[in-house]
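# What the coordinates show
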Amino acid sequence: SRNNWKYGQILTTLKEKIMTKFREELQQAKSKQPPNPENEYIRKFETAMNYLPETMRKVLENELTYCKSDIAQCAADLEHKFKASFERGDVKKMKELLEKYQCDESMHTFFTKGVELAFKQAQELISKINHNIEHKKIQEALTDFKKLCEYKVELENVVTDIARPYSETRCRIITFFEDLH
């Protein structure tokens, strides 16, 4: 009976340590960037969980479900924040996000997507400028060009492809005004 008591204590301690280790894996999974409910920590967790006793596995399956849900929510929040920053057209915020993602290897896909979005927005501005020049809407063209200048100044170090179309548009505006004289 003393041996049974000692054995019970050791078993309880061992179970606690195993559960702690599994929960640490879940925390690692949550902190992984970008958030992905199928990351390597989750895969390791699911594989190792198969070797646990039924009672421990049931508890951890619940925790895994909540963890995956939390990670999926984080991924959705990150995607929303990312899209919202670009949809608002706040160039300083875009620059801040792009520089942050550029420095973080794990966020490289967001960086690439952000560069593409910023460049696309600059191209759309250039199309509007060209359209407004063709239709002699000078005020609108200059307003859009001012925004394009903001893109160039703020983003030229991260969206390197922006320099050439900016220069071409600038030359087109200068030529337009020279032709007026």
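Preceding block: the structure.
Remember, predicted model here, so these are calculated numbers, not experimental data.

## Digging into a nonpolar patch on the surface
- A surface patch of nonpolar side chains, about 260 Å² in accessible area, is lined by Leu142, Phe177 and Leu180.
- Take Leu180: it is sitting in helix 7 (residues 163-180).

## Side note on helix 4 (residues 91-102)
- Helix length check: helix 4, at 12 residues, gives a terminal C-alpha distance of 16 Å against a target of 16 Å (1.5 Å per residue), a fit within 8%.
- Within helix 4, the full set of buried residues consists of Val91, Met94, Leu97, Leu98 and Tyr101. In a view along the axis of helix 4, the buried residues occupy a sector of 125°, so they form one face of it.
- Looking at the buried side of helix 4, the elements it contacts are helix 3 (54-87), helix 5 (108-134) and helix 6 (138-155).

## Section: the nonpolar core
- The biggest cluster of nonpolar side chains holds 29 residues, and the ones touching the most others in it are Leu98, Tyr101, Leu148, Tyr151, Leu155 and Val159.
- Of all the elements, helix 5 adds the most residues to this core, at nine residues.
- With residues near it in sequence (within four places) discarded, Tyr101 still touches Leu78, Phe82, Met107, His108, Phe110 and Phe111.
- Counting residues in each nonpolar core, the second largest holds 14 residues, with Phe22, Leu26, Phe45 and Leu52 among its members.

## Quick word on the side chain of Asn132
- Counting through the fold element by element, Asn132 comes out in helix 5.
- Classification of Asn132 by relative accessible area gives buried; the value is 8%.
- A distance of 3.4 Å separates the side chain of Asn132 from the side chain of Asp144, its partner in a polar contact.

What counts and how
- Residues numbered from 1 in each chain as written.
- Predicted model: local features only at pLDDT ≥ 70, side-chain atom pairs only at ≥ 80, totals over all residues.
- Heavy atoms only, no water.
- Patch = residues over 30% accessible without salt bridge, like charges linked within 9 Å, V, L, I, M, F, W, Y side chains within 5 Å.
- Areas by Shrake-Rupley, 256 points an atom, 1.4 Å probe, with all protein chains shown as cover.
- Salt bridge = Lys/Arg side-chain N within 4 Å of Asp/Glu carboxyl O.
- Helix = DSSP H or I, 4+ residues; strand = E, 2+ residues; numbered from the N terminus.
- Expected span 1.5 Å × (residues − 1).
- Buried < 20%, exposed > 50% of the residue type's maximum accessible area, 1.4 Å probe, protein only.
- Arc of directions from axis to C-beta.
- Contact = heavy atoms within 4.5 Å.
- Core = buried A, V, L, I, M, F, W, Y, C linked by side-chain atoms within 4.5 Å.
- Polar contact = N/O pair within 3.5 Å; in protein donor to acceptor, adjacent residues only side chain to side chain.

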